[in-house]
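Structural overview
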Amino acid sequence: MKIAMIGTGYVGLVSGVCFSDFGHEVVCVDKDPRKIEMLERGEVPIYEPGLDELMAKNVAAGRLEFTGDLKQAVDGADAVFIAVGTPTRRGDGHADLTYVMAAAEEIADALTGYTVVVTKSTVPVGTNRKVEEVVRAANPDADFDVASNPEFLREGAAIDDFMRPDRVVVGVESERAEGVMGDVYRPLFLREFPIVFTDLESAEMIKYAANAFLATKITFINEIANLCERTGADVKAVSKGMGLDGRIGNKFLHAGPGYGGSCFPKDTSALARIGQDHALPMQITETVIKVNDEMKRRMVEKLRDMSDGSFNGKTIAVLGVTFKPNTDDMRDAPSLTIVPALIGGGATVRVVDPQGRREGEALLPGAQWVEDSYAAVENADLVVLLTEWNEFRALDLERVAGSMAQPRLADLRNIYSVSDAKRAGFEAYCAVGRPGFGLPE
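How each quantity is defined
- Residues numbered from 1 in each chain as written.
- Predicted model: local features only at pLDDT ≥ 70, side-chain atom pairs only at ≥ 80, totals over all residues.
- Heavy atoms only, no water.
- Helix = DSSP H or I, 4+ residues; strand = E, 2+ residues; numbered from the N terminus.
- Rg over C-alpha atoms; globule rule 2.2 N^0.38 Å.
- Buried < 20%, exposed > 50% of the residue type's maximum accessible area, 1.4 Å probe, protein only.
- Areas by Shrake-Rupley, 256 points an atom, 1.4 Å probe, with all protein chains shown as cover.
- Lys, Arg positive; Asp, Glu negative; His and termini not counted.
- Charge placed at Lys NZ, Arg CZ, Asp CG, Glu CD.
- Core = buried A, V, L, I, M, F, W, Y, C linked by side-chain atoms within 4.5 Å.
- Contact = heavy atoms within 4.5 Å.
- Patch = residues over 30% accessible without salt bridge, like charges linked within 9 Å, V, L, I, M, F, W, Y side chains within 5 Å.
- Salt bridge = Lys/Arg side-chain N within 4 Å of Asp/Glu carboxyl O.
- Pairing = 2+ DSSP bridges.
- Polar contact = N/O pair within 3.5 Å; in protein donor to acceptor, adjacent residues only side chain to side chain.
- Right-handed = clockwise from strand over helix to strand, strands pointing away.

**Points about the overall build of the protein chain**
In terms of helices and strands, the protein chain carries 18 helices and 14 strands. Since a compact globule built from 441 residues should have a radius of gyration of about 22 Å, the 24 Å found for the protein chain is in line with a globular shape. Counting only C-alpha atoms, the protein chain reaches 75 × 50 × 40 Å along its principal axes. Taken across its 441 residues, the protein chain has 54% of its residues classed as buried. Put simply, the protein chain shows about 19,100 Å² of open surface, and 50% of that area lies on carbon and sulfur atoms. Counting 48 positive and 67 negative side-chain charges, the protein chain places the centres of these two groups 5 Å from one another.

Below you can see the structure in the form of C-alpha cells.
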C-alpha cells in the first residue's frame, strides 16, 4: 500500500517509519525544509531509542522517503495520515486544530483517487466530521472517507508500542474505509493484536479517556504519597499492595513530582474543556490538573526545606530534566517549574541530562549544563534526582556524598532508600511519600 504521512513530528515520524517496516510504501511530508533535509541525511530530529536504525533500514530498502511536496505524496495514496501538532490553545484550554484543518484542505486539493484520510493527531470529539466537511468543501468531487486512528505511543518505547500494541483503535464510517485500514494494519492483525473498529466519535473519545485515566492514577498515588509523609507510611509499600489487585494493576502507581510530557497535560486540559463546552464538567479530570500543578510546586517547598529554608547562595545539582527517561522531550516537565524556582531563589543550578540539553538550554535559562553527574555534585549543597535515567539509578552514592559541601539528597523518583543514603554518608535525605532523615521538624 502507499501511505502519505503529513507531519514528521514525534507521532508522524515514528508511525511513518513503522508503517514502512510493515512493508508499505511511505512518504513523510513536512513543511520545514530544514527538517526534510535533515531526514534525507539520515538524521533523526527527535530522540527515540532505535528510531534512527529502523529509519535507515527502510530508506535503504526503498520503502521510506521524505518530501516537502504534499501533492506528490498524496497522489495515488491509499491512506493519508494527518499527524500534525494539536497544542493547547492559549487562553481557553482547547486543542488548537489550525494545523489539522490546514492539512485537510491541502490534502483535498491533492486527492486523485479513492483515499482514506486518517486523523492520527489527538483531536477533540467531532473533529473528524469537520475534517470531512473541509475536504468536501475544497474538493466536492473527491472520492474519500475519513477515519480516526489515535496513537498510544509512549515516548522512549514508541517502536515497541507500535509493533506490539495493547490495541489499535480505528474509527470508520464505511466498510470500504474499514477494508483499507484493515490492510494498513494487516501485519498486526495476522499476529493477533487487538484491532478495535468503532465509530469516529468513540475513537476520538477513547484517546482522551485513556490518557485522563492514566493521569488520574499518577495524581492519585501522588496525593497518597503526600498523606504517607504525614502519617509515616511508605508509598512504595502502599503502591505495591494496591497494584497487586488485578482490578487496579501496578502501572502508573509510582509517586513522583507530577506528570508532564506531550500528552497528559494537553489531553487532560482538552477533555476538561470538552466537558465544559457540553455543560458536563469533568470534575475528576479538572481536579487531576489542579493537583498535578500543586504537586510540582510542593516539590519546590520540599527542596527549600532541604536547603535550610532558602536557595540563596546554594549550589544545587539537578539530575535529569526531561519529563521522563529515554526521551529529549521537555514539554510540561516538572523541571520547568522546579529549576526556575531554584535559580529565582538565588541558587547556582548545575544540570545533567543525557538528552535534555538540546531543548533545555532555551527553556532553563541560567542553568549550568554539565556532562557528568559526579562533576555536577562537586561541592554542591544539594543533589536533586528529578528524572530516573538509568545512569542515575546506579550512582556511587558514597562518592557523591563525599564530594559535596553539604551531603543532602532529594530523591524525587524514589530510586534509593533511607538505608542507601545513610550508608553513603548523606546527612539528609528525602523522597516522595517515604520516610527520610535529617529533615527540618
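This is not the end of the story, as more comes after the structure.
**A few points about the nonpolar core**
The biggest cluster of nonpolar side chains holds 42 residues, and the ones touching the most others in it are Leu-13, Phe-19, Phe-81, Met-181 and Tyr-185. Excluding residues that lie within four positions of it along the chain, Leu-13 makes contacts with Gly-7, Thr-8, Leu-39, Val-44, Pro-45, Ile-46, Leu-51, Met-55 and Phe-66. Counting 34 residues, the second largest nonpolar core, distinct from the first, contains Val-318, Trp-369, Val-384 and Leu-386.

**Structural notes on a negative patch on the surface**
A surface patch of negative charge is lined by Glu-25, Glu-37, Glu-40 and Glu-65. Mapping Glu-65 onto the fold places it in strand 3 (residues 64–67).

**Regarding the pattern of salt bridges**
One pass over the structure, following the stated rule, counts 28 salt bridges. Salt-bridge contacts for Asp-277 lead to Arg-273; the nearest nitrogen and oxygen are separated by 3.5 Å. Of this pair, Asp-277 and Arg-273 are both found in helix 12 (residues 264–277), four residues apart, which corresponds to roughly one turn of the helix. With a relative accessible area of 42%, Asp-277 lands in the partly exposed category. For the salt bridge of Glu-361 with Arg-357, the shortest nitrogen-to-oxygen distance reads 2.7 Å. In this pair, Glu-361 and Arg-357 are both assigned in helix 15 (residues 357–363), four residues apart and thus about one turn of the helix distant.

**Digging into the sheet that holds strand 12 (residues 382–385)**
The strands that make up a sheet pair up through hydrogen bonds in the backbone, lying either parallel or antiparallel. Read across the open sheet, the six strands follow the order 11-10-9-12-13-14; overall the sheet is parallel. Each end of this open sheet is capped by a strand with a single partner; those strands are strand 11 (368–369) and strand 14 (428–430). Where strand 12 meets strand 13 (residues 408–411), three bridges bridge the pair, whose relative direction is parallel. Paired with Val-383 across the two strands is Leu-409, which belongs to strand 13.

**A closer look at the side chain of Lys-296**
Among the secondary structure elements, Lys-296 is positioned in helix 13 (residues 283–306). One buried charge, Lys-296, has no salt-bridge partner; the nearest side chain with opposite charge is Asp-332, at 4.7 Å. A polar contact is formed between the side chain of Lys-296 and the backbone oxygen of Tyr-259, at a distance of 3.4 Å. Non-local contacts of Lys-296, meaning those with residues more than four positions away in its chain, are made with Pro-257, Tyr-259, Asp-332, Pro-334, Thr-337 and Ile-338.

**Quick word on the pairing of strand 9 (residues 315–319)**
Most of strand 9 is tucked away: five of the five residues are buried. Covered by surrounding structure in strand 9 are Thr-315, Ala-317 and Leu-319 together with Ile-316 and Val-318, the residues of both alternating faces. In terms of strand pairing, strand 9 meets strand 10 (residues 348–352) through five bridges, oriented parallel. Following the sheet pairing, Ala-317 is matched in strand 10 by Arg-350. The parallel pair strand 9 and strand 10, bridged by helix 14 (residues 335–344), forms a crossover whose chirality is right-handed.

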